[in-house]
Amino acid sequence: MTKASDEKMYNIFRILSMVISVTGVLIGVLKNSLIIGFIGVGAGLVVLISAQKKYQLVLTDERLRQIKQRAGNLTFVIFLLAFALISLISNVPLFSEILASINAASMVSVIFFMMMYCYLGLYAYYKSKM
Amino acid sequence: MKNTLKVQRAIHDMTQEDLANKVGVTRQTINAIEKQKYDPSLGLAFKLAKLFDVTIEELFVYEEE
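This section reports on the structure supplied with the text. Not measured: the values here are computed from a predicted model.

**With respect to the environment of N3 of chain B**
Residue and element names in this part refer to chain B.
- Position of N3 relative to the elements: it lies in strand 1 (residues 2-3).
- The sequence separation of N3 and E34 amounts to 31 residues, and the corresponding C-alpha distance is 6.9 Å.
- Sequence-distant contacts of N3, defined by excluding residues within four places in its chain, comprise I33, E34, Q36, L59 and F60.
- At 3.1 Å, the side chain of N3 forms a polar contact with the backbone nitrogen of L5.

Written as structure tokens, this is what we have:
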């Protein structure tokens, strides 16, 4: 098989692994079963790793590693500054009341998603530059 | 950094894909080097020079900014 068809097949398996994982997690949430979720994610990972071993494609290299490193470093700096700013304004009475009213668990999940989107945005930016 | 990668590739009748496979990087990386968007590591530069049987100076030309 040619490399192009190998890449196409690998992408199909990659999407398949994502579908299996997401479906497993969804069913797990709907049925309130942790085991189904874990099985789904595990099965997805098995499909992905098998496809990686079968097709032996170059999935990452020094340029991509550098892009990831830069995106990660800048995300870290942005959030470090954001946390410093939040800790500063938390002393202001109005903001301290707002911060106290926010649920810690939802705050953590919001921060997680913001970090993820920040990283993905920076990754796309650096990839277009390099 | 200017480079003669595209010329060397043409001399050796290689596609970006072929070259990428030979030096173990993605085709996009070869494309980025040719378009001077990415400067390769010393290791990759040596690999490319060795593959084309030229010196690094023949392949890459450093420009003062």
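**Brief notes about the packing of helix 3 (residues 62-89) of chain A against helix 5 (residues 104-129) of chain A**
Residues and elements named next belong to chain A.
- With their axes 8 Å apart at the nearest point, helix 3 and helix 5 run at an angle of 140° to one another. In terms of orientation, helix 3 and helix 5 fall into the oblique class. Every pair of crossing elements has a handedness; the one defined by helix 3 and helix 5 is right-handed. Along the contact surface, helix 3 presents R63, L64, I67, K68, R70, A71, G72, L74, T75, I78, F79 and F83, while helix 5 presents I111, M114, M115, C118, Y119, L122, Y123, Y126 and K127.

**Some points on helix 5 of chain A**
Residue and element names in this part refer to chain A.
- The terminal C-alpha atoms of helix 5 lie 37 Å apart, and with 26 residues this matches the ideal 38 Å at 1.5 Å per residue to within 8%.
- Of the positions making up helix 5, those classed as buried are C118, L122, Y123 and Y126.
- At its buried positions, helix 5 is contacted by helix 3.

**As for the pattern of salt bridges**
All names here are of chain B.
- With the rule as written, the count across this model stands at 1 salt bridge over all chains.
- In this structure, the salt-bridge partner of R9 is E34, at a minimum N-O distance of 2.5 Å. Residue R9 is found in helix 1 (residues 5-11), and its partner E34 is found in helix 3 (residues 27-34); the two are separated by 25 residues along the sequence.
- Here E34 falls in the buried class, since its relative accessible area comes to 14%.

**Details of the packing of helix 2 (residues 16-23) of chain B against helix 3 of chain B**
Residue and element names in this part refer to chain B.
- Viewed as axis vectors pointing N to C, helix 2 and helix 3 meet at an angle of 110°, and their least axial separation amounts to 8 Å. Looking at the two axes, helix 2 sits roughly perpendicular to helix 3. Contacts between helix 2 and helix 3 pair Q16, E17, L19, A20 and V23 from the former with R27, I30, N31 and E34 from the latter.

Quick notes on the rules
- Residues numbered from 1 in each chain as written.
- Chains lettered and ligands numbered in written order.
- Predicted model: local features only at pLDDT ≥ 70, side-chain atom pairs only at ≥ 80, totals over all residues.
- Heavy atoms only, no water.
- Helix = DSSP H or I, 4+ residues; strand = E, 2+ residues; numbered from the N terminus.
- Contact = heavy atoms within 4.5 Å.
- Polar contact = N/O pair within 3.5 Å; in protein donor to acceptor, adjacent residues only side chain to side chain.
- Axes fitted to C-alpha atoms, helices over the stretch in contact; angles between N-to-C directions.
- Parallel < 35°, antiparallel > 145°, perpendicular 65-115°, else oblique.
- Left-handed = near helix turned anticlockwise from the far one by under 90°.
- Expected span 1.5 Å × (residues − 1).
- Buried < 20%, exposed > 50% of the residue type's maximum accessible area, 1.4 Å probe, protein only.
- Salt bridge = Lys/Arg side-chain N within 4 Å of Asp/Glu carboxyl O.

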